[in-house]
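The lines below spell out each chain.
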Amino acid sequence: MTGTEEAAQVLRIATARIDHRPAANERVLNTTVKSGDAYGKLMAPTWSMVLAFREKRIDWATYSEKYHDLLRKRYVQHAGAFHELLRDAFRNDDCLVLTCYCVVGPDCDECHRFLMADILEKIARSEGYEVSQEGELARRATPGVLPLPFGNAAVVF
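Report follows, based on the coordinates.

Rules used throughout
Residues numbered from 1 in each chain as written. Predicted model: local features only at pLDDT ≥ 70, side-chain atom pairs only at ≥ 80, totals over all residues. Heavy atoms only, no water. Pairing = 2+ DSSP bridges. Helix = DSSP H or I, 4+ residues; strand = E, 2+ residues; numbered from the N terminus. Axes fitted to C-alpha atoms, helices over the stretch in contact; angles between N-to-C directions. Contact = heavy atoms within 4.5 Å. Salt bridge = Lys/Arg side-chain N within 4 Å of Asp/Glu carboxyl O. Buried < 20%, exposed > 50% of the residue type's maximum accessible area, 1.4 Å probe, protein only. Arc of directions from axis to C-beta.

Read across the open sheet, the 4 strands follow the order 2-3-1-4; overall the sheet is parallel. For this open sheet the edge positions go to strand 2 (26–30) and strand 4 (131–136), each flanked by a neighbour on one side alone. The average undirected angle you get between the axes of adjacent strands in this sheet is 20°. Direction of pairing for strand 1 (residues 11–17) relative to strand 3 (residues 95–100): parallel, over a ladder of 6 bridges. Opposite Arg17, over in strand 3, you have Cys100 as the bridge partner. Across the face of the sheet, helix 4 (residues 112–126) comes into contact with strand 1, strand 3 and strand 4 while running at roughly 170° to strand 1.

Spelled out as structure tokens, the structure:
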């Protein structure tokens, strides 16, 4: 390798709250069933899963299993959309930022956006991408947009 060769381009994946204000090199993907776009809804859990977890009818392990099963089925049906999403972020050198309404922190990491980041990383690596998970981004709230109040629950969708 010569000193003039450029560093390999890396697909970057991060997570953030729905009110995250993106930097110029970030492509924000709202992954909620409530307000996501076509790609976001493809990555979103179902309402029945969200409600079952919020109402504590299923635990995190069950939710995670259901979410993985759901995404496997969606991938079989819509693999092209998954690959297009990754390819576009990579081509534009954007960090793909997965967002939703969950409030997470040091004591709570139960959110589908973290599962989604892992799933997208596996798909990307299977396609030969080098991937860097950037983790949860610091909040840069969009001016004039307030987080929706959902009560005192530790996990909010």
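From this point, the narrative continues.
With that settled, consider the pattern of salt bridges. The full count for this structure, using the stated rule, is 5 salt bridges. With a shortest N-O distance of 2.9 Å, Asp69 and Arg72 are connected by a salt bridge. Residue Asp69 and its partner Arg72 are both found in helix 3 (residues 60–91); the two are separated by 3 residues, about one turn of the helix. In this structure, Arg113 and Glu136 form a salt bridge, with 2.8 Å as the shortest nitrogen-oxygen distance. You can see Arg113 sitting in helix 4 and its partner Glu136 sitting in strand 4, a full 23 residues away along the chain. Among the residues examined, Arg113 registers a relative accessible area of 0% and is labelled buried. A relative accessible area of 36% means that Glu136 is categorised as partly exposed.

The next thing to look at is helix 2 (residues 47–54). Restricting attention to buried positions, one finds in helix 2 the residues Met49, Val50, Ala52 and Phe53. One side of helix 2 carries all its buried residues, which in axial view fall inside an arc of 165°. Tucked inside the fold, the buried residues of helix 2 contact helix 3. Downstream of helix 2 by a residue or two, Lys56 has a phi angle that is positive, lying close to 60°.

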